[in-house]
Amino acid sequence: MIPKLMGKTTQERRPDLVEQARRMMLKMSPQDIAQVQQGMGDRPDSTPTLKTIDVPTLLVMGAEDTLATVADGELMRQHIPNSRLSVIPKVGHYAPWEDPEGVGKLLRQFVDELR
């Protein structure tokens, strides 16, 4: 799962983060993993409900995310009124883990602009 969840840049440049993620993943039992996979497989497509979101929305995507791509984020942005898409460079699906400072700055800016 590491290649799917973490950006290529993180995998190449941050072996410490990769190892932390690996250790976290290894704590999951096979039953836990099966339940997560089953839950993801059973969930319905929520695209039709995106238009019902009625709050300011920040979509944060990793530029190197292969599970939820920037194109997926753009699709959500198009369907969620009053939403904004921000793409974090050089990170994958674990953007807040891979670049907590960058994600934190985006969140702070978004919240400050709401005031």
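Residues numbered from 1 in each chain as written. Predicted model: local features only at pLDDT ≥ 70, side-chain atom pairs only at ≥ 80, totals over all residues. Heavy atoms only, no water.

Judged by side-chain polarity, M28, I33, V36 and M40 come together as a nonpolar surface patch covering roughly 320 Å² of accessible area. Here I33 shows up in helix α4 (residues 30–42). (Patch = residues over 30% accessible without salt bridge, like charges linked within 9 Å, V, L, I, M, F, W, Y side chains within 5 Å. Areas by Shrake-Rupley, 256 points an atom, 1.4 Å probe, with all protein chains shown as cover. Salt bridge = Lys/Arg side-chain N within 4 Å of Asp/Glu carboxyl O. Helix = DSSP H or I, 4+ residues; strand = E, 2+ residues; numbered from the N terminus.)

You will see that N82, though not glycine, has its phi angle at about 60°, which is positive. Along the chain, the position of N82 falls in the loop between α5 (70–79) and β2 (83–88). Among the residues examined, N82 registers a relative accessible area of 58% and is labelled exposed. Here the phi dihedral of K90 falls at roughly 65°; this positive angle occurs in a residue that is not glycine. (Buried < 20%, exposed > 50% of the residue type's maximum accessible area, 1.4 Å probe, protein only.)

Turning our eyes to something else, we now look at helix α7 (residues 100–114). With 15 residues, α7 ought to run about 21 Å at 1.5 Å a step, and its terminal C-alpha atoms sit 21 Å apart, in line with that. Three or more residues of α7 are buried, namely V103, L106 and F110. Projection of α7 onto a plane perpendicular to its axis shows the buried side chains occupying an angular sector of 60°, all on one side. Across from the buried face of α7, at angles greater than 90 degrees, the exposed residues are P100, E101 and K105. On the buried face of α7, the contacting elements are β1 (57–62), β2 and α6 (95–98). (Expected span 1.5 Å × (residues − 1). Arc of directions from axis to C-beta. Contact = heavy atoms within 4.5 Å.)

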